[in-house]
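Topology and contacts: notes
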Amino acid sequence: MQKIEAQRNLPVGVTEVEISDWVKTREVDEIGDYEKKLNSHVDLVELNQNVSIDDVQAIDGLYDDKWNLSSIPLLNGSTSVVSQESAENSEEGIDVSQENTEISEETTEDIVQASITGNKVLRTIVNTGTSSLLRYNIEQLSAYLKSDTPVVWSENGTVTWNLWTSVDDKKTAIEWRMISGKFNLSYEQLQKIKSRDAHMLLGIPADNDYGFELIIPYNDIISVFVNEKPTSINYTSKSTLIQYYLNSTRSDYKYTAGSNYCKNEYHNELSNHTDGNHVDTNVLDQSGLLDCEILNNLKSGENTIDILIGNIIISKASLNNSNGFSKLNLYIIESPKINISAQFYKYENEEIVYFDENYLPKKDEKVYLRIDVENKSTITLNNLDLTMKINSQLPLEINGNDVFYDNQDITSKTRCYINQDFSNQYTIDELKSINPGQKMTIMSDDINYKITQQNCKDKYVYIESVATLNYIRDELTYIDSKKLETGSSSVREKRIRIPVSSAFGCLNISCSVEGENLDDTSFMLNISSSDDFANLLIKPGQTCKLNDLSLSEYDINLIVPQDYQVVDTDTYSSSIQNKVSLNSTNYEKNIQIKLKKKNNPYFYKNNQESVSLSFK
């Protein structure tokens, strides 16, 4: 590993927050003679290497009956731990409490060794099953492990240690240590993190082109606490699934040493003091969020970070492991801001005409789809991979190499424009990198769609979209998902919605005259609603079809000469006299009007009136 240079150029959008005042649990060889050098569960007290059993504090009652870690004050107040001399005096019948002698240096040593003290390695048992998960509290762990001894980092920013536990084929042990530090956040930085305008991740300074790597070298178990609260960073490099309760919350440790985990050679090199084992802090979880993001329990000003590290001794191979840690920093990384929108258009006289809220596409109308991808960040976004579904069915897949619509390759028929400059046309290769402030427009005559009746009922065409992009060295992935989110108590509409006309009602009106051949006769038909008004001519024997009507109540009046009268009208029973109601269920209605001439038509000649249709 190379020495890290003092001056490093971080990428745009990245701020390094130094973690300082590092302290670490004392090792056996860092503890004086007047104190036990290692705390151990009583069942593991004999599993020692490079340390005498006389220097190991055997703790009986380390866990209570509910598997909670017992506190040091509680143990010191019990009779589970006494000095060897006190036990011998008790057996010989000597009443030590009645002796009124000056306390010697030797007596002081006995008192210290009789008490359980912290700031040293703690050796514990391993879970025996999910029904008896061990429970740890950060305050109790800190009492055992937390130190005021500064970490002595190597010039490469690492620290290593030896194990003090030997192997027993029937017993598995863990050595726990804690490394702690402090960091400061400004109010502005805190607000950016809380609003998700920036992510804060742990990483290490590195001598590369970017100045850092988003990894945490460790071996074998790691949990991170911020301001004494657990975070989502709980990992293990052992294949055996390990679970613990941390601050009353069950933590499932994620596995980092499988064949599917990081195989980056540089990361392995930076983690050679932990056998290549490390956490990649830039990994997304199943919901598309950064799994190692530090977000909660932060405050402006000084914050604390405690890193709990467990080394498992399960076989002789465990003793050959490299155990250590790296000096970490925090990296505040700007979150991508991307806006994906879509709109319909059509061609009129070979010119593009866009639909909007005042000009809506109607049922059965053929439309074309324009997609806009705008980078509203101050960082470059790379490798766009956009998947869209129209009405949850028609798939549209777009990236810098291919475009597929409804499973058909339309790459060569797709064009791109930059910043709405439609005088210059580009290929989809431009989608591989979108600069800050840049707006990419994607269009193709093959991306077309026919407005359905259901769209009109919904008043919208819904488009789901998932955009995946890379940023900051292409090692971070951002996912912008626009889907319908449903929860236990709420529904959140995030899909792209393109408005369409809700006018898909239809009236079919016909009339006939008994016993008459009136080829040259036509009658006036008046149709009106709260929004529409129309006068139409209708000929006997013909049907007047009115499409794209709003779903509303309509007044229908037939204007005929007074020498005609209505014989019958036939329409839906929900209609009332001269009124017809259209709704999303009954959106098409047929109206048949039968007329006949009155007797003595001479008296009505040349007069016309509106007749009552009395719809049934």
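The paragraphs below set out a description of the structure included in this document. Position numbers for residues count from 1 along each chain, tracking the sequence in the order it is written. It should be noted that, the model being predicted, local features are given only for residues of pLDDT at least 70 and side-chain atom pairs only at 80 or more, the latter also being counted only at that level, while totals for whole chains, interfaces and linings use all residues. Computation of side-chain values covers all heavy atoms of the structure but excludes hydrogens and water.

With respect to the overall build of the protein chain
Here is the rule we go by: Helix and strand definitions here come from DSSP, where helices need a minimum of 4 consecutive H or I residues and strands a minimum of 2 consecutive E residues; each element is numbered from the N-terminal end. Only protein chains enter the calculation, and the probe is 1.4 Å; a residue is then buried if its accessible area is under 20% of its type maximum, exposed if over 50%, and partly exposed in between. Whether two residues touch is decided by their heavy atoms; if any such pair falls within 4.5 Å, the residues are in contact. Surface exposure here means Shrake-Rupley accessible area, sampled with a 1.4 Å probe, where a residue is shielded only by the protein chains that are shown.
Secondary structure summary: the protein chain contains 7 helices and 46 strands in total. Counting every position in the protein chain, which comprises 616 residues, the buried fraction comes to 46%. Expressed as a percentage of contacts within the protein chain between residues at least 6 apart in sequence, the contacts between residues at least 24 apart total 73%. Of the roughly 30,800 Å² that the protein chain leaves accessible, carbon and sulfur atoms contribute 42%.

Some points on unusual backbone geometry
The residue after Asn-219, namely Asp-220, is reached through a cis peptide bond having omega 15°. By the element assignment, Asp-220 lies in the loop between strand E11 (215–217) and strand E12 (221–226). Unlike most non-glycine residues, Asp-364 shows phi in positive territory, near 70°. Looking at the element boundaries, Asp-364 is found in the loop between strand E22 (351–354) and strand E23 (366–375). With phi around 65°, Ser-392 is a residue other than glycine that occupies positive phi space. Relative to the assigned elements, Ser-392 resides in the loop between strand E24 (381–390) and strand E25 (394–399). A relative accessible area of 42% means that Ser-392 is categorised as partly exposed.

Things to note about the sheet that holds strand E14 (residues 243–246)
To keep things clear, this is the line we draw: Whether two strands pair comes down to DSSP finding at least two bridges between them.
The mixed open sheet is built from 3 strands, whose spatial order is E6-E14-E15. Only two strands of the sheet have a single neighbouring strand rather than two, namely strand E6 (135–136) and strand E15 (249–252). The pairing of E14 with E15 spans 4 bridges and is classified as antiparallel. Bridge assignment links Tyr-245 to a residue of E15, and that residue is Arg-250.

What about the packing of aromatic side chains?
Heads up, the rule is: Ring pairs shown here join Phe, Tyr and Trp side chains whose ring centres sit within 6.5 Å, with only the six-membered ring taken for Trp; geometry is labelled stacked below 30 degrees between planes, edge-to-face above 60, and tilted in between. By definition here, charges over rings are those cases where NZ of Lys or CZ of Arg is within 6 Å of the ring centre and within 35 degrees of the ring normal.
Summed over the entire model, instances satisfying the criterion amount to 17 aromatic pairs. Pairing Trp-176 with Tyr-244 gives two aromatic rings, centres 5.8 Å apart and planes at 70°, and the pair type is edge-to-face. You can see Trp-176 sitting in strand E8 (residues 173–185) and its partner Tyr-244 sitting in strand E14, a full 68 residues away along the chain. On the basis of relative accessible area, Tyr-244 is assigned to the buried category, the value being 0%. Clustering of aromatic rings is evident, with ring pairs tying together Tyr-63, Trp-67, Tyr-136, Trp-176, Tyr-244 and Tyr-253. Note that Arg-473 overlies the ring of Phe-212, its terminal NZ or CZ placed 5.1 Å from the centroid. Lying over the aromatic face of Tyr-462, Arg-495 brings its terminal NZ or CZ to 4.0 Å of the ring centre.

With respect to the pairing of E12
The buried count for E12 comes to 6 of 6 residues, which makes it a mostly enclosed element. The two faces of E12 match: Ile-221, Ser-223 and Phe-225 on one face and Ile-222, Val-224 and Val-226 on the other face are all buried. Bridge count for E12 against strand E13 (residues 229–236) is 5 bridges, and the pairing is antiparallel. Across the sheet, Phe-225 pairs through a bridge with Pro-230, a residue of E13.

A closer look at the pattern of salt bridges
Inclusion rule: Here a salt bridge means any side-chain nitrogen of Lys or Arg lying within 4 Å of a carboxyl oxygen belonging to Asp or Glu.
A complete count under the given rule lists 24 salt bridges for this structure. Residue Glu-213 pairs with Arg-473 through a salt bridge whose shortest N-O separation is 2.6 Å. Taken together, the residues span a long stretch of sequence, with Glu-213 in strand E10 (residues 212–213) and Arg-473 in the loop between strand E33 (460–471) and strand E34 (476–482) at a distance of 260 residues. The class of Glu-213 is buried, set by a relative accessible area of 4%. Judged by its relative accessible area of 16%, Arg-473 is buried. Note that Asp-480 is salt-bridged to Lys-482, the shortest N-O span being 3.8 Å.

Here's the deal with the environment of Leu-44
Looking at where Leu-44 falls in the secondary structure, it is placed in the loop between strand E3 (38–41) and strand E4 (56–59). Looking at Leu-44, the relative accessible area reads 3%, which means it is buried. C-alpha of Leu-44 to C-alpha of Ile-59: the two residues are 15 residues apart in sequence and 9.5 Å apart in space. Once you skip the residues sitting within four places of it in the chain, Leu-44 turns out to touch Arg-123, Thr-124, Ile-125, Lys-171, Thr-172 and Ala-173.

So, the nonpolar core
Our working definition: To form a nonpolar core, buried Ala, Val, Leu, Ile, Met, Phe, Trp, Tyr and Cys residues must be joined to one another through side-chain atoms within 4.5 Å.
Counting residues in each nonpolar core, the largest one holds 50 residues, and the members touching the most others are Phe-344, Leu-369 and Ile-371. Listed in part, the 39 residues of the second largest apolar core include Trp-22, Trp-153, Leu-190 and Ile-294.

Looking at the pairing of E34
Put simply, side chains in a regular strand alternate between the two faces of the sheet. A one-sided burial pattern is seen for E34, the buried positions being Leu-476, Tyr-478, Asp-480 and Lys-482 and the unburied ones Thr-477, Ile-479 and Ser-481. Pairing between E33 and E34: 7 bridges, direction antiparallel. For Ala-467, the partnering residue across the bridge sits in E34 and is Asp-480. The antiparallel hairpin formed by E33 and E34 contains 4 residues in its connecting segment, where Ile-472 sits at a positive phi of about 50°.

Looking at helix H4 (residues 138–145)
Quick note on the threshold: What the arc covers is the set of directions going from the helix axis to the C-beta atoms. Polar contact criterion, stated in full: a pair of N or O atoms within 3.5 Å, where within protein one must be able to donate a hydrogen and the other to accept it, and residues adjacent in sequence count only if both atoms are side-chain atoms.
Ile-138, Leu-141, Ser-142, Tyr-144 and Leu-145 are the residues of H4 that are buried. Buried residues of H4 fall within an arc of 165° about the axis and therefore sit on the same side. At the N-terminal end of H4, a side-chain oxygen is found 2.8 Å from the backbone nitrogen of Glu-139, two or three residues along, and the residue is Asn-137.

Points about the side chain of Thr-25
The residue Thr-25 is located in the loop between strand E2 (20–24) and E3 in this model. Here Thr-25 falls in the buried class, since its relative accessible area comes to 0%. A distance of 2.7 Å separates a polar side-chain atom of Thr-25 from the backbone oxygen of Leu-145. A polar atom in the side chain of Thr-25 sits 2.8 Å from the backbone nitrogen of Met-178. Apart from the residues lying within four places of it in its own chain, the contact partners of Thr-25 are Glu-30, Asn-119, Lys-120, Val-121, Leu-145, Ser-147, Arg-177 and Met-178.

Side note on the environment of Tyr-235
As for its position among the elements, Tyr-235 is in strand E13. Judged by its relative accessible area of 4%, Tyr-235 is buried. In sequence terms Tyr-235 and Asn-219 are 16 residues apart; their C-alpha atoms lie 9.4 Å from each other. Non-local contacts of Tyr-235, meaning those with residues more than four positions away in its chain, are made with Tyr-218, Asp-220, Ile-221, Ile-222, Tyr-253, Lys-254, Thr-256, Val-279, Asp-291 and Cys-292.

Topic: the side chain of Asn-277
Positionally, Asn-277 belongs in the loop between helix H6 (265–270) and strand E17 (278–280). Every residue in contact with Asn-277, bar those within four places of it in the chain, is listed here: Ile-216, Pro-217, Tyr-218, Asn-219, Ser-237, Ala-257 and Ser-271.

A look at the sheet that holds strand E9 (residues 198–205)
The pairing of strands in a sheet comes from backbone hydrogen bonds and takes either a parallel or an antiparallel form. Counted only if it meets this: To obtain an axis, a line is fitted to C-alpha atoms, over the contacting stretch when the element is a helix, and the angle between two such axes runs from 0 to 180 degrees between their N-to-C directions.
The strand order across the open sheet built from 4 strands is E1-E20-E9-E10, with neighbouring strands paired in antiparallel fashion. Whereas interior strands pair on both sides, the edge strands pair on one side only; in this sheet they are strand E1 (14–18) and E10. Direction of pairing for E1 relative to strand E20 (residues 329–334): antiparallel, over a ladder of 5 bridges. Across the sheet, residue Thr-15 finds its bridge partner in E20, namely Ile-332. Against the sheet, helix H5 (residues 187–194) contacts E1, E9 and E20, and its axis sits at roughly 110° relative to E9.

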